[in-house]
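Structural description and commentary
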Amino acid sequence: MSNEVAASAVAAMGAPNKAPESSREGSRAKEERPEYVAYPRRWAVLVTVALLNISNAALWINIAPVAYTVASYYKRQLWEVNWFSLVFLFVSIPFCFVSTFSVNRLGLRPAIHIGAGLNCLGGLLRALGSSGAIDNLDAQFAISLTGQTIAGMAQSFLLFIPTKVSQLWFPEDARAIATTVLSLSNPLGIVVAQVAAPLIVVAEGDFPTLNYVFGALAALAEAVTLVCITSSKPPTPPSQSAARGEVRRASYLQQLRTTFTCWPYLLLLLSLGCGVALFSSLATVTQQLLCPLGYTDLFGGIANAAMILSGFVGSAITGVTADRTKAFTPITKLCYGMATIFAIVMLEMFMVPGQPELVATFTALFGFFGVGAYPIGLELAVEATYPVEESISTAFIFMSGQFQGVLIIALVTLLGREQKPQFEDIETCTKSGNADIEPKDYTVSLMVIMTYLVVAVSIMILFFETSYKRLEAERFTPDPTAATSNSTAGSSSPSSSNRSLSPRSSASSFHSLTESGKALRGGGGGGAGVKSEEVVQDWNEHDGEDGTERSRL
């Protein structure tokens, strides 16, 4: 009898201990749930990368608005001076692979420091080339062009990382606007150069001052980089996809294969690349297109500034709208359709003299829709190719733009005809006094560019469709580190909020992402690649396999 009483007492004493044990498990599950943090230091990273892109873009384009004066300074023909702009386009194509591999293998911080160092070295070499320390004009030209080439190498490390920075440092509801700010820092640098260059270079002797100013800006950007860029990513990721993405990457070559077998991405490669090409070529040759019609260097700079500044306004609107609605595809199609219409009218105005108001107006409207939609297009490319490295999808769109930009500039040069007699008295191209410079009629060139633009954008509008794979992964898939805690929490709560899922859907969606990761690591199987719709599968697809999926979790 006493033994029974003792057993009952032990049982009575042991029973209450189960509740604290389950309570401890619940608190442990809560502790295991990841917390995502948006650090204030992200703004220092954003400002630094923006400053670097401003400096690099200014080095790229600051000779274009005063190309005729610089040709006279070096006693060179115009096509030789154009290499200061063209070298950026050519160098960025092979260095696209170098920079994306570096970001993929080394991380964001080393890539930014490499870009900042190359940019600073290039700017200082340009300043040295025209400093007066070297008397020979040919040697000055060679040193300055070498510096420009090195700065062109830097562009590949700086211009391709906006989506990578926003992914690693910004939360999901601020990524689009962060990408917008960083993407527009390059056009802002072009605005600075387009406006400042004609104001600084009034005569041939002012050209060295231009190199001093922008060489100093490159040195300042390098100093800021050394202070502010101390790590590739924050200690705690700002979003679920940021936490997952850093540990679920396939090899570089396999990611390339997946990217270039994604049909929606290939359409973006063509259409967004065409938009980048038109923007880049206009930044390079606007002065050459307008001066035969009597427009000054300063007006050419103002026209480009109007295009870019209105693009800032458009980007602010589209960025906020995209962050709130996630309607990346409709926004991109609408904006690029409108941009094409206004681009055609703008290029028509490039054939008519004495219409500065119309030229500036339609250039601004083209910038509002074209430049404004570009950052959203980059985010759309990331969504289409996820879980591929963000810098890869961005880099090859820009490389496509550079390649197409070279083609457009070549068309402008090769299809130019003799100047129309009625414009000989009003042209401003030869005011620098260089007898080797000939104003031309670019009507045929502009008509070909318009046709090319219409075809490229129409293909995208008619045939582009994609799912938003990164957003689906974030909303329907738990973080791998939180799989156990989510399963425990779900078993005790039959319902879920907008942000939480039942154990069945969570488990099956995690299985979907795992299977897609296997497909990505295998290169898509059979050489055909992974279809864009299959990278993140429907999260309800495996509902009948609840027990199996939970055991896998």
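The rules behind these values
Residues numbered from 1 in each chain as written. Predicted model: local features only at pLDDT ≥ 70, side-chain atom pairs only at ≥ 80, totals over all residues. Heavy atoms only, no water. Salt bridge = Lys/Arg side-chain N within 4 Å of Asp/Glu carboxyl O. Helix = DSSP H or I, 4+ residues; strand = E, 2+ residues; numbered from the N terminus. Buried < 20%, exposed > 50% of the residue type's maximum accessible area, 1.4 Å probe, protein only. Patch = residues over 30% accessible without salt bridge, like charges linked within 9 Å, V, L, I, M, F, W, Y side chains within 5 Å. Areas by Shrake-Rupley, 256 points an atom, 1.4 Å probe, with all protein chains shown as cover. pLDDT = per-residue confidence, 0-100. Contact = heavy atoms within 4.5 Å. Axes fitted to C-alpha atoms, helices over the stretch in contact; angles between N-to-C directions. Parallel < 35°, antiparallel > 145°, perpendicular 65-115°, else oblique. Left-handed = near helix turned anticlockwise from the far one by under 90°. Nonpolar A, V, L, I, M, F, W, Y, C, P; charged D, E, K, R; others polar.

This part is about the pattern of salt bridges. Tallied over the full model, the rule gives 7 salt bridges. Residue Glu379 pairs with Arg470 through a salt bridge whose shortest N-O separation is 2.6 Å. Here the residue Glu379 occupies a position in helix H17 (residues 356-385), and Arg470 occupies one in helix H20 (residues 469-476), the gap between them amounting to 91 residues. Summarising the burial analysis for this pair, Glu379 and Arg470 share the class buried. With a shortest N-O distance of 3.2 Å, Glu383 and Arg470 are connected by a salt bridge. Placement of Glu383 in helix H17 and of Arg470 in helix H20 is noted, with a sequence separation of 87 residues between them. Residue classification places Glu383 among the buried positions, given a relative accessible area of 0%. In this structure, a network of salt bridges that share partners links the residues Arg76, Glu80 and Asp138.

Glancing now at a nonpolar patch on the surface. Judged by side-chain polarity, Trp263, Val455, Ile459, Leu462 and Phe463 come together as a nonpolar surface patch covering roughly 550 Å² of accessible area. Of the residues forming the nonpolar patch, the biggest block, 4 residues, is contributed by helix H19 (residues 443-463). Locating Phe463 in the fold gives a position in helix H19. We classify Phe463 as exposed; its relative accessible area is 52%.

So, on to the confidence of the model for the chain. The predicted model of the chain has a mean per-residue pLDDT of 76, with 77% of residues at 70 or higher. The low-confidence segment residues 8-31 (pLDDT under 50) makes 1 contact with residues lying over four places distant or belonging to another chain. Contacts from residues 480-553, a stretch scored under 50 in pLDDT, to residues over four places away or in other chains number 103 contacts.

Within the secondary structure layout, Ser72 lies in helix H4 (residues 67-74). The sequence separation of Ser72 and Ala203 amounts to 131 residues, and the corresponding C-alpha distance is 9.8 Å.

Along the chain, Val371 turns up in helix H17. A relative accessible area of 9% means that Val371 is categorised as buried. In this view, Val371 contacts Leu184, Phe279, Met307, Gly311, Ser315 and Phe366; residues no more than four positions away in its chain are not counted.

At a closest axis distance of 6 Å, the pairing of helix H14 (residues 263-290) and helix H18 (residues 390-414) adopts a crossing angle of 45 degrees. Regarding the angle of H14 to H18, the classification is oblique. For the crossing formed where H14 meets H18, the hand is right-handed. Residue composition of the contact of H14 with H18, grouped by class: 18 nonpolar, 10 polar and no charged.

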